[in-house]
Amino acid sequence: MTRARKYIVFFLIVFVSSGYAKQQTGNGEILSVDSEVCLFVDNQLVEKMNNIQFRLHPPQPKEVVFKFDAPWEGKASGYVTIFQDGNKYRMYYRGGGEVSPVNIMQEVTCLAESSDGIHWIRPNLGLFEINGSKQNNIVWTGERTAYCESHNFTPFKDTNPNAKSEENYKAVGLNIYPDEKGDRKRMLFGLGSPDGIHWKKISAKPIISDGSFDSQNLAFWDSARNQYVCYFRISQQGKRSIARATSSDFLHWSKTEPLNFGNTPIEHFYTNAIISYFRNPKLLLGFPMRFVPERKKIGLPERDIDGVSDAVLISSYDGLNWSRTFMEAYIRPGLNPHNWGDAHSNNTPAWGLLKTGDDEISIYWAENYGEIPQLRRGTVRLDGFVSLNAPYTGGEMITKPMKFKGDNLLINYSTSAVGSIRIEIQDIVGKPIPGYDLNNCIEIYGDEISRKVVWKNKSNLAGLKDKPIRLRVVFNDADLYSIQFN
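Residues numbered from 1 in each chain as written. Predicted model: local features only at pLDDT ≥ 70, side-chain atom pairs only at ≥ 80, totals over all residues. Heavy atoms only, no water.

Here we take up the overall build of the chain. Looking only at helices and strands, the chain has one helix and 37 strands in total. Seen through its C-alpha atoms, the chain measures out along the principal axes to roughly 80 × 50 × 45 Å. Residues classed as buried in the chain amount to 56% of the 486 residues present. The contacts of the chain with a sequence gap of at least 6 include a subset with a gap of at least 24, amounting to 62%. (Helix = DSSP H or I, 4+ residues; strand = E, 2+ residues; numbered from the N terminus. Buried < 20%, exposed > 50% of the residue type's maximum accessible area, 1.4 Å probe, protein only. Contact = heavy atoms within 4.5 Å.)

Right under this line is the structure:
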């Protein structure tokens with residue numbers, strides 16, 4: 001048997017829980033990337049790097065897009081959910097809550113809408129009476145004043161093709177139920193709605209009971225894994241952390257499973273903001289608010305606080321095992337002294353990412369909690385949360401073996417005026433494939449969301465699809481954000 005044939009003979013093992021299906025060969029696993037956009041937020045695709053590093057790209061702070069200053073909102077407003085719904089954007093959030101230990105407003109769930117993700121209006125819904133009036137944007141309120149139902153009501157638009165029309169929208173929220181011993185404890189209940197405005201409980205019983213739940217718990221239909229998934233707060237190693245449960249019908253849920261963060265230290269994660277990335281549903285991104293309770297005083301003027309907080313970036317391809325490529329903050333508190341305290345809401349990312357331009361993603365986070373809370377917008381380049389970065393002196397990266405579908409290789413990249421990128425396609429053992437070697441690759445420079453890679457006399461990859469290959473990327477003074485076989 002020739003050497004080439006020896007390496008092509010393999011048997012198939014499909015790991016259905018993984019974002020990328022894998023095949024096992026004599027040379028290790030082969031990733032099936034198909035035709036989805038592949039981001040470099042972690043080392044999922046990377047096998048070797050020489051003089052290359054992962055570079056974190058925090059969102060660029062933009063304008064304050066919303067102030068929670070309506071009479072039924074106030075100092076304890078927060079736990080924001082944002083998503084696109086048809087040709088508009090919707091935002092749900094908590095109003096009311098604790099003004100002081102002896103003055104607690106009725107907690108309510110509110111709805112705002114926008115056509116651009118920047119300018120938001122409160123629709124006058126006329127559903128719930130507050131302070132003698134139904135002229136408000138409230139869609140739900142709880143059985144008790146606070147820490148019940150509207151405290152962390154978190155909705156989503158259900159993309160399950162089998163969802164009932166009366167439950168096109170679903171939500172989870174906190175309530176109090178008796179456990180098997182008769183003791184009353186916090187549990188999650190489920191809601192459904194045909195339009196995202198008129199809601200009802202889908203069951204008199206809780207749907208998930210094993211957890212802490214005093215945070216922004218969230219659920220959604222995971223289309224890549226064909227199941228509902230719920231992420232919620234638990235305790236892990238004595239710290240606030242994240243767990244998940246899964247379901248096929250939103251009523252019956254699996255056992256609670258703590259998330260695994262590998263060999264990184266467990267930190268206090270108060271929220272999670274986990275979402276399927278809209279350009280590749282196999283990729284899960286999370287933006288947990290990280291809580292540091294031991295830091296008690298900071299800011300101008302100096303004041304007693306319950307801790308400080310920021311937000312970090314995490315990623316996963318199965319929803320249970322998560323990469324923390326960066327321990328550094330993704331969103332810092334910044335110059336506003338009011339963001340350095342009242343840590344249970346400040347710097348908390350909203351759940352949801354909005355595509356607000358051809359090359360732009362908007363991400364939102366809470367500020368000024370305890371005063372007049374506000375929502376800040378930040379922008380990220382499309383796919384641009386993290387990049388593979390090469391310095392002026394240059395470096396290279398080699399991917400793990402992969403199989404793809406498509407005729408072209410597209411890259412999302414940025415170089416300086418002197419920087420460049422070239423890509424070589426290799427066989428599974430690292431030998432350049434004739435015609436696709438580095439010397440034949442047309443040098444790429446510039447700054448583009450989608451650039452086709454071409455080789456002299458070779459611009460089409462149809463003859464290579466479904467065959468195991470590697471990519472060798474050689475670049476200098478440049479960032480590579482994503483690749484896609486199109």
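Taken residue by residue, the chain gives an average pLDDT of 91. The fraction at 70 or more is 91%. Predicted confidence is poor over residues 1-18, with pLDDT under 50, and the contacts of this stretch with residues over four places away or in other chains come to 22 contacts. (pLDDT = per-residue confidence, 0-100.)

All right, on to the state of the cysteines then. In the structure shown here, the tally under the stated rule is zero disulfides. In this model cysteine 148 remains outside any disulfide bridge; the closest cysteine sulfur is found in cysteine 110, 16 Å from its own. With no disulfide of its own, cysteine 441 has cysteine 38 as its nearest cysteine by sulfur position, at a separation of 18 Å. On the accessibility criterion, cysteine 441 (5% relative accessible area) is buried. (Disulfide = S-S within 2.5 Å.)

Our next topic: the nonpolar core. In terms of nonpolar packing, the biggest core is built from 91 residues, with Tyr231, Phe385, Ile483 and Phe485 touching the most fellow members. Ranked by residue count, the leading element in this core is strand β37 (residues 470-485), at seven residues. Dropping the residues within four chain positions of it, isoleucine 483 is found in contact with Glu36, Val37, Cys38, Phe40, Leu45, Leu409, Leu410, Ile411 and Leu471. (Core = buried A, V, L, I, M, F, W, Y, C linked by side-chain atoms within 4.5 Å.)

What follows covers the sheet that holds strand β13 (residues 169-178). Hydrogen bonding along the main chain pairs the strands of a sheet, whether they run parallel or antiparallel. The four strands lie next to each other as β12-β13-β14-β15, forming an open sheet whose pairing is antiparallel. Lying at the two open borders of the sheet, with one neighbouring strand each, are β12 (154-157) and β15 (200-201). Looking at chain direction, β12 and β13 are connected through four bridges and run antiparallel. Each residue of the ladder has a partner; that of proline 155, found in β13, is alanine 171. (Pairing = 2+ DSSP bridges.)

Here three strands make up an open sheet; going across it, the order is β20-β23-β26 and the pairing antiparallel. Strands with a single pairing partner mark the edges of an open sheet, and in this sheet they are β20 (268-269) and β26 (308-311).

Our focus in this paragraph is the pattern of salt bridges. Within the structure shown, the criterion is met by 30 salt bridges. Among the salt bridges present, the one from arginine 122 reaches glutamate 73, with a minimum N-O distance of 2.8 Å. Of this pair, arginine 122 sits in the loop between β10 (120-121) and β11 (138-141) while glutamate 73 sits in the loop between β6 (60-67) and β7 (78-85), placing them 49 residues apart in sequence. Residue class for arginine 122 comes out partly exposed when judged on its relative accessible area of 31%. (Salt bridge = Lys/Arg side-chain N within 4 Å of Asp/Glu carboxyl O.)

Turning next to unusual backbone geometry. A positive phi angle, close to 50°, is found at tyrosine 79, a residue other than glycine. Mapped onto the elements of the fold, tyrosine 79 is located in strand β7.

In this structure, lysine 282 sits in strand β22 (residues 280-286). For lysine 282, the side chain forms a polar contact with the side chain of aspartate 34, separated by 3.3 Å. (Polar contact = N/O pair within 3.5 Å; in protein donor to acceptor, adjacent residues only side chain to side chain.)

It is worth spelling out the packing of aromatic side chains at this point. For the coordinates displayed, the defined rule picks out 23 aromatic pairs. With centroids separated by 5.0 Å and ring planes inclined at 65°, the aromatic side chains of phenylalanine 68 and tyrosine 93 adopt a geometry described as edge-to-face. Here phenylalanine 68 is found in the loop between β6 and β7, whereas its partner tyrosine 93 is found in strand β8 (residues 88-100), with 25 residues between them in sequence. Assigned by exposure class, phenylalanine 68 and tyrosine 93 land together as buried. Counting every residue linked through ring pairs, the aromatic cluster contains Phe156, Trp221, Tyr228, Phe250 and Trp253. When the ring centre of phenylalanine 250 is taken as origin, the NZ or CZ atom of lysine 170, which lies over that ring, is 5.9 Å away. The positively charged end of lysine 201 is found above the aromatic ring belonging to phenylalanine 189, 5.3 Å away from the centroid. (Phe/Tyr/Trp six-rings, centres within 6.5 Å; stacked < 30°, edge-to-face > 60°. Lys NZ or Arg CZ within 6 Å of the ring centre and 35° of its normal.)

Here serine 241 lies in strand β18 (residues 239-247). You can call serine 241 buried: its relative accessible area is 1%. Side chain to side chain, serine 241 and glutamine 236 meet in a polar contact 2.9 Å long. Ignoring anything within four residues of it in the chain, the contact list for serine 241 reads Phe232, Arg233, Ile234, Gln236, Phe261 and Phe269.

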